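What follows is each chain in one-letter form.
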Amino acid sequence: MSQLTTMERVGLYGGGALILIGTVGMGLLEIIAGAPHPVSGEGQVVHETLISLSVRSYTILLGLLLLAAYGITNLATKPPEDTSI
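Sequence positions are assigned chain by chain, starting from 1 and proceeding in written order. In keeping with the model being predicted, local features are shown solely for residues with a pLDDT of at least 70 and side-chain atom pairs are shown and tallied solely at 80 or more, while totals for entire chains, interfaces and linings include all residues. Note that water and hydrogens are dropped before the side-chain values are worked out from all heavy atoms of the structure.

Visitor: If you had to explain the pattern of salt bridges to someone new, which residues and values would you point to?
Guide: The term salt bridge refers to a pairing of a side-chain nitrogen on Lys or Arg with a carboxyl oxygen on Asp or Glu at a separation within 4 Å. Following the criterion strictly, the structure yields one salt bridge and no others. Between Glu-8 and Lys-78 there is a salt bridge whose closest N-O contact spans 2.6 Å. Separated by 70 residues along the polypeptide, Glu-8 in helix H1 (residues 6–33) and Lys-78 in the segment after helix H2 (53–77) bring together distant segments of the chain. Only protein chains enter the accessibility calculation, which uses a 1.4 Å probe. A residue is then buried if its area is under 20% of the maximum for its type, exposed if over 50%, and partly exposed in between. What makes Glu-8 buried here is its relative accessible area of 9%. Its relative accessible area of 39% is what places Lys-78 among the partly exposed residues. Where helices and strands are cited, they refer to DSSP runs of H or I of at least four residues and of E of at least two residues respectively, numbered from the N terminus.

Visitor: Explain the UniProt feature "transmembrane region" (unreviewed entry) in the chain to me, using residue names and the numbers behind them.
Guide: Here the UniProt feature "transmembrane region" (unreviewed entry) sits at residues 12–35 and 55–76. Segment residues 12–35 splits into 92% helix and 0% strand. End C-alpha atoms: 32 Å apart. Counting secondary structure, residues 55–76 comes out at 100% helix and 0% strand; the distance between its end C-alpha atoms is 31 Å. UniProt positions are given in the numbering used here, feature names are shortened, and annotations may be inferred rather than shown by experiment.

Visitor: Can you tell me about the packing of H1 against H2, naming the residues and giving the values?
Guide: Axes here mean lines fitted to C-alpha atoms, for a helix over just the part in contact, with angles spanning 0 to 180 degrees between N-to-C directions. In contact at an axis separation of 8 Å, H1 and H2 are set at 160 degrees when each is read in the N-to-C sense. With respect to H2, the axis of H1 lies roughly antiparallel. Along this stretch, H1 crosses H2, giving a crossing that reads as left-handed. Just so you know the grouping, Ala, Val, Leu, Ile, Met, Phe, Trp, Tyr, Cys and Pro go in nonpolar, Asp, Glu, Lys and Arg go in charged, and all remaining residues, Gly too, go in polar. Within the contact of H1 with H2, the residues separate by chemical class into twelve nonpolar, ten polar and three charged. Here the angle decides the label: under 35 degrees means roughly parallel, over 145 means roughly antiparallel, 65 to 115 means roughly perpendicular, and every other value means oblique. Less than a right angle of anticlockwise turn of the near helix away from the far helix marks a crossing as left-handed, whereas a clockwise turn marks it as right-handed.

See the structure below:
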């Protein structure tokens, strides 16, 4: 197996870390901090977050974009190892 270059490490580890931070990390922070979920007069739950949903969404989206960029560059720059097909 070949060694990963610096750009590959950034794409793989950085993208994976951003996705985990956006889903697991921020979700656990919400649970631990006990974000209130009051109920309105009509019985509808009003969701108040500590971290804005747009920040959480953009963190996950940035992670997905890093992984996609890694995949596209890896596909475009490296020839297939098995050329017998």
